[in-house]
Amino acid sequence: MEQTLILVKPDGVQRGLIGAIIGRFEQRGLKLVAMKFIQMSRTLAETHYAVHKERPFYNSLVEYITSGPVVAMVWAGKDAVAAARATIGATNPVAAAPGSIRGDFAMEIGRNLVHGSDSPENAVNEVNLFFTPEERVTWNRLTDSWIQE
Ligand code: DAT
Ligand code: MG
């Protein structure tokens, strides 16, 4: 089953939105595989955002993601990457659809609450960056067959 890395960024933690954000993925039917509450190091942040290294907003992005604790999670499901991206909404919250996390809770691109992997290939790398194989739980959920046929 496809897996995706999700982060509740420091603004989500500070604003008391951890539960609301996790609830969106849970209600959607994605299945929780791993979760931890961490303060990201500068090294981890720079590795995670390495693709953006040449962008003008790179430094502020690293500052933001390391400015306080985050909740890191792995969620699984058929097309989990695309499903999670849709639930998160567009990168700029002003353009994010109402009903998406960013569309309901955020106002600015630099405070957009959540990270979600953008492709299955990147998801594999990001999941491995944050979690060891032992930290990822394989489990049977009684509702599985009511969510995916
Ligand atoms: P996403 O988080 O939707 O995958 P991304 O990977 O393109 O978006 O960018 C990573 C983060 O960088 C994004 O969540 C917010 C920030 N960012 C992206 N584009 C930006 C821009 N033009 N100005 C400021 N911050 C930006
Ligand atoms: Mg991205």
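Everything that follows concerns the structure shown earlier in this document.
Quantities reported herein were computed from a predicted structural model and do not represent experimental measurements.

Counting its regular elements, the protein contains eight helices and four strands. Along the protein, helices (α) and strands (β) appear in the sequence β-α-α-β-α-α-β-α-α-β-α-α when read from the amino end. Long-range contacts, defined as pairs at least 24 residues apart, comprise 77% of the intrachain contacts of the protein with a sequence gap of at least 6. Total accessible area on the protein is roughly 8,300 Å²; 55% of this is exposed by carbon and sulfur atoms.

Before going further, it helps to examine the sheet that holds strand β1 (residues 3–8). Ordered by their spatial adjacency, four strands build an open sheet running β2-β3-β1-β4, and the pairing between neighbours is antiparallel. Whereas interior strands pair on both sides, the edge strands pair on one side only; in this sheet they are β2 (31–38) and β4 (114–116). With strand direction ignored, the average angle separating the axes of adjacent strands in the sheet is 15 degrees. Pairing of β1 with strand β3 (residues 70–76), which is carried by six bridges, proceeds in the antiparallel orientation. Pairing of Q3 across the sheet is with A76, part of β3. Sheet strands in contact with helix α5 (residues 80–88) are β1, β3 and β4, and its direction is about 25 degrees off that of β1.

Moving on to the side chain of K31. Along the chain, the position of K31 falls in strand β2. Classification of K31 as buried rests on a relative accessible area of 16%.

In this section: the pairing of β3. Among the seven residues in β3, seven count as buried, and that is most of the element. With burial as the criterion, each face of β3 is covered, one bearing V70, A72, V74 and A76 and the other bearing V71, M73 and W75. Pairing of β2 with β3 involves seven bridges; the strand directions are antiparallel. Counterpart to I38 in the pairing with β3 is V70.

We now examine the site of ligand 1. In the vicinity of ligand 1, the contacting residues are K9, H52, F57, L61, R85, T91, R102, I109 and N112. For ligand 1, an oxygen atom lies 3.1 Å from a polar atom in the side chain of R102. Placement of ligand 1 is best described as lying within the largest pocket. When grouped by side-chain class, the residues that make up the shell around ligand 1 number three nonpolar, three polar and three charged.

Cut-offs and rules
- Residues numbered from 1 in each chain as written.
- Chains lettered and ligands numbered in written order.
- Predicted model: local features only at pLDDT ≥ 70, side-chain atom pairs only at ≥ 80, totals over all residues.
- Heavy atoms only, no water.
- Helix = DSSP H or I, 4+ residues; strand = E, 2+ residues; numbered from the N terminus.
- Contact = heavy atoms within 4.5 Å.
- Areas by Shrake-Rupley, 256 points an atom, 1.4 Å probe, with all protein chains shown as cover.
- Pairing = 2+ DSSP bridges.
- Axes fitted to C-alpha atoms, helices over the stretch in contact; angles between N-to-C directions.
- Buried < 20%, exposed > 50% of the residue type's maximum accessible area, 1.4 Å probe, protein only.
- Near = heavy atom within 4 Å.
- Polar contact = N/O pair within 3.5 Å; in protein donor to acceptor, adjacent residues only side chain to side chain.
- 1 Å grid on protein atoms, 1.4 Å probe; cavity = no way out; pocket = protein on both sides within 12 Å on 5 of 7 lines; lining within 4 Å.
- Sits in = over half its atoms within 2 Å of the grid points.
- Nonpolar A, V, L, I, M, F, W, Y, C, P; charged D, E, K, R; others polar.

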